[in-house]
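As a plain string of letters, each chain reads:
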Amino acid sequence: MPALFLYEPRMLLRTVVTHLVTEENATLQTFQSLPHLAEYVRSSTADNKILLVGIGGAGDRFSDLLRFIREVKAMKVKTLVWIPAQYPWVRKLLNTLYVGKIIDETCLAMALRPAVQELLAARAALNRQHATVLHPRRITLTELDILLQFASGLSSREMAETRQCSYKTIFSWKHNICEALNINTHAQWLEMLTEIVQVTSMYHPGKSYGPL
């Protein structure tokens, strides 16, 4: 039996996703706390684990969520996320973190069920082949940390001092990140960092969210 884990702090979207997924006769565990989610996913003994994530609801846990998404690849967890349409660089970043399926948040009610059905039916070998074709370059956990530290405002020299490495090493990691994300200009680099900052600050408890 597949084990499905849902992380969506926003009540409206969490209710919609829960309703749609339970119609597939699948067992779903919902979480509003990222540490609790991580604990349950890590301890699950299910052979087929699927992680469902609402990126826009992560708030100030966005960086931790990205690290966790990157981590669960080693656990053979399939991942489905939904994101606001106005963040194309975040979508590219998620593509480099082994996310299996990304859908537009505004189309969630229509796109979620077929996306879940696809992951439930997918064979691991086909998934690996599909991922290899679409994503020839992945971001490592270290590179992800470097990117997130840049987004937090740290400079290359500050990171080099903290990590006790050379400035050239930081530059090399940044080059790898840009290569994976197909970032070719400084303006695109700033757009990437800006989107991370915006997603981190976009969700606030008590905010009203419109219908899907």
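Up top is the structure these notes are about.
Residues numbered from 1 in each chain as written. Predicted model: local features only at pLDDT ≥ 70, side-chain atom pairs only at ≥ 80, totals over all residues. Heavy atoms only, no water.

1. Overview of the packing of aromatic side chains
Piece 1. This structure, assessed with the given rule, holds 3 aromatic pairs.
Piece 2. Linked through ring pairs, F5, F31 and Y40 together constitute an aromatic cluster.
Piece 3. Above the face of the F150 ring, K174 is positioned so that its terminal group lies 5.5 Å from the ring centre. (Phe/Tyr/Trp six-rings, centres within 6.5 Å; stacked < 30°, edge-to-face > 60°. Lys NZ or Arg CZ within 6 Å of the ring centre and 35° of its normal.)

2. With respect to the pattern of salt bridges
Piece 1. Counted according to the given criterion, the structure contains 7 salt bridges.
Piece 2. One salt bridge in this structure joins R42 and E71, with 2.9 Å as the shortest N-O distance. You can see R42 sitting in helix α2 (residues 34-43) and its partner E71 sitting in helix α3 (residues 62-71), a full 29 residues away along the chain.
Piece 3. What makes R42 partly exposed here is its relative accessible area of 46%.
Piece 4. Looking at E71, the relative accessible area reads 27%, which means it is partly exposed.
Piece 5. Residue K101 is joined to E118 by a salt bridge in which the shortest nitrogen-to-oxygen separation is 3.2 Å. One end of the pair, K101, is in strand β5 (residues 101-104); the other, E118, is in helix α5 (residues 108-121), and 17 residues separate them in sequence.
Piece 6. On the accessibility criterion, E118 (44% relative accessible area) is partly exposed. (Salt bridge = Lys/Arg side-chain N within 4 Å of Asp/Glu carboxyl O. Helix = DSSP H or I, 4+ residues; strand = E, 2+ residues; numbered from the N terminus. Buried < 20%, exposed > 50% of the residue type's maximum accessible area, 1.4 Å probe, protein only.)

3. Focus on the sheet that holds strand β4 (residues 77-83)
Piece 1. Strand order in this open sheet of 5 strands is β2-β1-β3-β4-β5, and the pairing throughout is parallel. Across the chains shown, the open sheet's two edge strands, defined by having one partner strand only, are β2 (28-31) and β5. Within this sheet the neighbouring strands show an average axis-to-axis angle of 20°, counted without direction.
Piece 2. Relative to β5, β4 is paired through 4 bridges, and the arrangement is parallel. Across the sheet, residue V81 finds its bridge partner in β5, namely I102.
Piece 3. Each of β4 and β5 touches helix α4 (residues 88-95); the most contacted strand, β5, lies at about 165° to it. (Pairing = 2+ DSSP bridges. Axes fitted to C-alpha atoms, helices over the stretch in contact; angles between N-to-C directions. Contact = heavy atoms within 4.5 Å.)

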